[in-house]
Amino acid sequence: IFLSFQVFGTIVWILVASTQIPLPLLQGWVMFVAVTAWCLSIVFLSVFLFGYANRIAVNWNQADFIFHGATFVFYFGAFLLQAATTSLHYLPRKFNSTMQETILSGREYNISIAASV
C-alpha cells in the first residue's frame, strides 16, 4: 500500500506543480500537503523495509490508521482548494475589459482538473 501511495503521491506532486493557479497561496498549500504526505510515506516505507518496525515499540496499526486518516483530511482539503480554484476558469480576468479573457487557458484548465482528481 505504501508503494502505491508513493506512485500516486508523485503523480499528484507533478500535476499540481504543473498547474498555474492564479491564487499562489492555494497552490502552495496543495503542494505542501502533497510533498509532506509523500515524504512521510517514504519514512514509513523505510521504517518497514529496513526492519525498524520490529525494534520500535509502537502500535503500528494505530500509527498507520492515524497517518492515513490525517493524510485523507489534508488531501481532501487540498482537493477542495484545487477544485474551487479550477472552478474560477470561467470568470473574466479583467472585469473592466471588453475582451472576455478567462483566468485559465484551456490547457491549464485541463491540467487543473487532472490535479483535482
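Throughout what follows, the structure given in this document is the object of discussion. (Residues numbered from 1 in each chain as written. Predicted model: local features only at pLDDT ≥ 70, side-chain atom pairs only at ≥ 80, totals over all residues. Heavy atoms only, no water.)

**Quick word on the packing of aromatic side chains**
Tallying each qualifying case throughout the model produces 7 aromatic pairs. With a centroid separation of 5.3 Å and 65 degrees between ring planes, the pair formed by F48 and W60 is classed as edge-to-face. Of this pair, F48 sits in helix 2 (residues 24-49) while W60 sits in helix 4 (residues 60-86), and the two are 12 residues apart along the sequence. Taking relative accessible area as the criterion, F48 reaches 40% and is therefore assigned partly exposed. Chaining the aromatic ring pairs together yields one cluster made of F44, F48, W60 and F67. (Phe/Tyr/Trp six-rings, centres within 6.5 Å; stacked < 30°, edge-to-face > 60°. Helix = DSSP H or I, 4+ residues; strand = E, 2+ residues; numbered from the N terminus. Buried < 20%, exposed > 50% of the residue type's maximum accessible area, 1.4 Å probe, protein only.)

**Here's the deal with a nonpolar patch on the surface**
A contiguous nonpolar patch, built from L49, F50, Y52, I56 and V58 and spanning about 510 Å² of accessible area, is present on the exposed surface. Turning to its location among the elements, L49 is positioned in helix 2. (Patch = residues over 30% accessible without salt bridge, like charges linked within 9 Å, V, L, I, M, F, W, Y side chains within 5 Å. Areas by Shrake-Rupley, 256 points an atom, 1.4 Å probe, with all protein chains shown as cover. Salt bridge = Lys/Arg side-chain N within 4 Å of Asp/Glu carboxyl O.)

**Here's the deal with the layout of surface pockets**
Roughly 310 Å³ of volume is contained in the largest pocket. Forming the walls of the largest pocket are 18 residues, and the residues nearest its centre are V12, Y75, F79, S116 and V117. At the level of elements, helix 1 (2-18), helix 4 and helix 5 (106-116) are the ones that each hand at least two residues to the lining of the largest pocket. Considering each element in turn, the lining of the largest pocket owes the most residues, 8 residues, to helix 4. For the lining of the largest pocket, the per-class residue count stands at 14 nonpolar, 4 polar and no charged. (1 Å grid on protein atoms, 1.4 Å probe; cavity = no way out; pocket = protein on both sides within 12 Å on 5 of 7 lines; lining within 4 Å. Points joined across faces, edges and corners; volume = space filled by probe spheres on them. Nonpolar A, V, L, I, M, F, W, Y, C, P; charged D, E, K, R; others polar.)

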